[in-house]
Structure formats: structure tokens, C-alpha cells
Amino acid sequence: MIDYHLHLWPHGEADLEPTIEELARYVEVAKLHGVVEIAITEHLFRFSQAEKVLGKFFRRYPDSPMRRLMENYWRDHAKADLDKYVEVALAAKSAGLPVVVGLEVDYYQDKMDVVKELLKGYPFDVLLGSVHWIQDWPFDHVSDEFVQANWDSVGVENAWDSYTRSLEELSSSQAIDVLAHPDLVKVAGRYPAIPEEFFDRMAQAARDCKIVAEVSSAGYRKPVAEAYPAPYLLRKFKEYDVKITTASDAHRVADTACSFSDIKTFVTEAGYLELAGFKDRTLHTIPISGKSPVLS
Ligand SMILES: [Zn+2]
Ligand SMILES: [Zn+2]
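Rules behind the numbers
Residues numbered from 1 in each chain as written. Chains lettered and ligands numbered in written order. Predicted model: local features only at pLDDT ≥ 70, side-chain atom pairs only at ≥ 80, totals over all residues. Helix = DSSP H or I, 4+ residues; strand = E, 2+ residues; numbered from the N terminus. Contact = placed C-beta atoms within 7 Å. Expected span 1.5 Å × (residues − 1). Pairing = 2+ DSSP bridges. Axes fitted to C-alpha atoms, helices over the stretch in contact; angles between N-to-C directions. Core = buried A, V, L, I, M, F, W, Y, C linked by C-beta atoms within 7 Å. Buried ≥ 20, exposed ≤ 12 C-beta atoms within 10 Å, placed from the backbone. Right-handed = clockwise from strand over helix to strand, strands pointing away. Parallel < 35°, antiparallel > 145°, perpendicular 65-115°, else oblique. pLDDT = per-residue confidence, 0-100. Arc of directions from axis to C-beta.

*Asks:* When you look at the overall build of the chain in this model, what are you seeing that I'm missing?
*Replies:* Within the chain, the regular secondary structure consists of ten helices and nine strands. For the chain, the spread of C-alpha atoms along the principal axes amounts to about 50 × 40 × 30 Å. Sequence-distant contacts, at least 24 apart, represent 78% of the contacts inside the chain between residues at least 6 apart.

*Asks:* Whenever I open this one, helix α7 (residues 156-172) confuses me. Can you help?
*Replies:* Because each turn of an α-helix spans 3.6 residues, side chains separated by three or four positions in sequence point in the same direction. Taking 1.5 Å as the rise per residue, α7 with 17 residues should run 24 Å; its terminal C-alpha atoms sit 24 Å apart, in good agreement. Here the buried face of α7 lies against β4 (126-130), β5 (178-179) and α8 (195-208). Of the residues flanking the end of α7, it is Q174, one or two places downstream, whose phi is positive at about 60 degrees.

*Asks:* Any chance you could explain the sheet that holds strand β7 (residues 244-247) here in plain terms?
*Replies:* Strands in a sheet are paired, the pairing made by backbone hydrogen bonds, and the direction either parallel or antiparallel. An order of β1-β2-β3-β4-β5-β6-β7 is seen for the seven strands of this open sheet, with the pairing classed as parallel. Each of the sheet's edge strands pairs with one partner strand only, and the pair in question is β1 (2-6) and β7. Pairing between β5 and strand β6 (residues 212-216): two bridges, direction parallel. Pairing of V178 across the sheet is with V212, part of β6. Of the strands in this sheet, β1, β2 (37-43) and β3 (99-106) are in contact with helix α1 (residues 20-32), which crosses β2 at around 130 degrees.

*Asks:* I'm lost on the nonpolar core in this one. Help?
*Replies:* In summary, soluble globular proteins display a tendency toward joint burial of nonpolar side chains. The biggest cluster of nonpolar side chains holds 90 residues, and the ones touching the most others in it are I38, I40, V126, V178 and A206. Looking at this core element by element, the count peaks at six residues for α8. Beyond its immediate chain neighbours, meaning those up to four positions away, I38 contacts D3, L6, Y26, V27, A30, P98 and V99.

*Asks:* Quick question: what am I supposed to make of the pairing of β6 here?
*Replies:* For a regular strand, side-chain orientation follows a simple rule: the groups alternate between the two sheet faces. Most of β6 sits inside the fold, with five of its five residues counted as buried. On β6, burial covers both faces: V212, E214 and S216 on one face and A213 and V215 on the other are all buried. Crossover handedness for the path β5 to α8 to β6: right-handed. Bridge count for β6 against β7 is four bridges, and the pairing is parallel. Paired with V215 across the two strands is T246, which belongs to β7. At this point the chain moves from β6, through helix α9 (residues 231-239), to the parallel β7, and the crossover so formed is right-handed.

*Asks:* What exactly am I supposed to notice about unusual backbone geometry here?
*Replies:* For residues that are not glycine, phi is negative in most cases, and the peptide bond is trans in most cases. Omega for the peptide link from Y228 to P229 comes to -5 degrees, which places this bond in the cis form. Note that P229 resides in the loop between β6 and α9. Backbone geometry at D241 places phi at a positive 65 degrees, although glycine is not the residue there. Unlike most non-glycine residues, D280 shows phi in positive territory, near 50 degrees.

*Asks:* Help me understand the packing of α7 against α8, please; the structure alone is not making it clear to me.
*Replies:* Each pair of packed helices gets described by two things: the angle between the helix axes and the distance between those axes. Between α7 and α8, the least distance of the axes is 9 Å, while the angle of their chain directions is 5 degrees. Regarding the angle of α7 to α8, the classification is roughly parallel. Across the interface between the two elements, W160, T164, L167, E168 and S171 from α7 touch F198, R201, M202, A205 and A206 from α8.

*Asks:* Honestly, the confidence of the model for the chain in this entry has me stumped. Any pointers?
*Replies:* Detailed reading of predicted coordinates is not advised where the pLDDT is low. Mean pLDDT over the chain stands at 94; residues scoring 70 or higher make up 96%. Of the regions scoring below 50 in pLDDT, residues 292-296 engages in 14 contacts with residues more than four places distant in sequence or in other chains.

*Asks:* What's the story with the pairing of strand β8 (residues 274-279) in this structure? I'm lost.
*Replies:* Both β8 and strand β9 (residues 282-287) contribute to a ladder of six bridges, which runs antiparallel. Of the residues in β9, the one forming a bridge with A276 is T285. From the end of β8 to the start of β9, which pair antiparallel, there are two residues, and D280 there has a positive phi angle of about 50 degrees.

*Asks:* I'm lost on the environment of P229 in this one. Help?
*Replies:* Among the residues examined, P229 registers 30 C-beta atoms within 10 Å and is labelled buried. For the pair formed by P229 and G189, sequence separation is 40 residues and the distance between their alpha carbons is 13 Å. If we ignore the near neighbours within four places in the chain, the residues touching P229 are P182, D183, A213, V215, L234 and F237.

*Asks:* How do you make sense of the environment of T245 when you look at a structure like this?
*Replies:* With respect to the helices and strands, T245 occurs in strand β7. As for T245 and V53, which are separated by 192 residues in sequence, their C-alpha atoms are 30 Å apart. Those residues within four positions of T245 in sequence are excluded, and the remaining contacts are I2, Y4, V178, V212, E214, L275 and A276.

*Asks:* Any chance you could explain helix α3 (residues 65-77) here in plain terms?
*Replies:* Look at α3: 18 Å from first C-alpha to last across 13 residues, which is about the 18 Å you get at 1.5 Å a residue. If you check which residues of α3 are buried, you get M66, M70 and W74. In a view along the axis of α3, the buried residues occupy a sector of 65 degrees, so they form one face of it. In α3, the exposed positions that point more than 90 degrees away from the buried face belong to P65, R68, N72 and D76.

Printed below as a string of C-alpha cells:
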């Protein structure tokens, strides 16, 4: 197994300077769960370099309490140094730790060229792509009542449609390698009348754009209480020959490879025998049980 979605810093907590020792602790916990390789994938919006080029992104929407909340959230997070983060991850790799260097990149409508330009000089192994907000609405902030009340004004069908359109546009941007938590829009447990219509579009986007899909245990810890993707969507990915990674989306060491025995059963029952690993943003396969070719 691999855990290809790990954060160093919980939301709402000040980011620290990463260290090799910290990355070694993630590897240690990962190994206890049979994980042979991890990807460090902090959010792009946690770095001051992103603030410089994307900091005004939400200004495109009319001024409102939601927009101000989103702008403040973004500004509060954009403090770490991307150069230092990459430097430490590379040093961990050089020290022999089974770590690949990644980022979790959000969808910025009409600005993915700016994202690509910002990231092209960095030696990333893998870039995850996510849709965490619909316009200026961070729908996955499930413990914020004000944010969650917006589901009723937007409507479940509209929310799923907007989310899926963003996912399609993100996929075709060619800026990312893996769709993180592909059906995150279900996070609050709000399902449309016929979710299969949306799942079909998500699976088609991954297939047509040759993007890998992430299978994540993070959904078990949310109100929806199921893995991302839903069983129907995972079956579609398999049918379309979309490759997968496995991930915990942990925001602290202790959650590394969380619920991975369930994830292993989930993916093997769907017919997957191997996972997609990445080096220099190039895909290679890793058997679900066994050692990573990168390490041997
Ligand atoms: Zn995410
Ligand atoms: Zn994440």
C-alpha cells in the first residue's frame, strides 16, 4: 500500500518549519500499516508564494460574508515557505526515506496557467488536484454552521453540478496528476436524486484526461461516513481503466494510513491489483501488497 495524501499541519494551527525528523515519524507510522511509500502533499494555499500570485482570487465574487470568510481563511493559511518545504522533502528522500514530494492543488477557475507557471520550477513527484470550494463557498467545512447553512440556498443538485463541472475543468487543465477525494461534494452526506449521473461525469473526466483517482479513508471521518470515492464511482473508475492511489489525507502523524485495512479490502474487492506511484510526475505501478520499485 501507499499513502499518497499527507499534510504536515492541521488547519487552524500555525505551520511549523518542516524537518526530516517529522517526515521520518510519518514513515514510521506508515510502515506499521504496511505502507511502503508516502507522498507529502501540503495544500498549495499554505505557502506565501501562492498568496503572491493567487491571493486576490476570491475578489472576482461579489462582496459577501461568505467571500470574506473565504478570503480570511486563505490569508490565515498562506504563511509557509514553499522552497523550504520542498528542500526538506528532498533531503528526506536523499536520506533514504520512502517519501515522494507533492502538493495538494485546488482548482482556481481560469487561473490554472498561473498555478502551472508557479509550480513548474519545482521538482515535484506528484500533484493532487482538489475541488474544496464552489465559487467562494467552502462546502467541506462541515463543522461551520454558517457555511453548512448555504447548502439550502445553493441546493444539492446545483452544488453537485457545479462541483462536477469544476472537477472536469480541473482535469482538463493538465496541471495535476491525481484527483484527490474525487467525490468530496458528498462530504456532508447530502446526495442528489441520481448521484450516478454525476459519478459518471467524474469517471469520464479522469478517463478522458488520463488522470489517476485517489481512494481515500478521509470520508470515514466525515458526516458522509464512507470512503472517497463511493463504491459505484470506484467501479466506474475500474471499468474505465482509471488507475488509483490510496490515501488517508491525514493532517497529523497519528492519522497516517488511517483505516487502511478497510481501504485495502475496498480496492481489492473492486478488482484493483496495483496502485499508481509517481516519480518526477511520471507514473509507475506498485503492487498492492509488496515493495515499491522506487525503493528497491
Ligand atoms: Zn483535500
Ligand atoms: Zn488534503
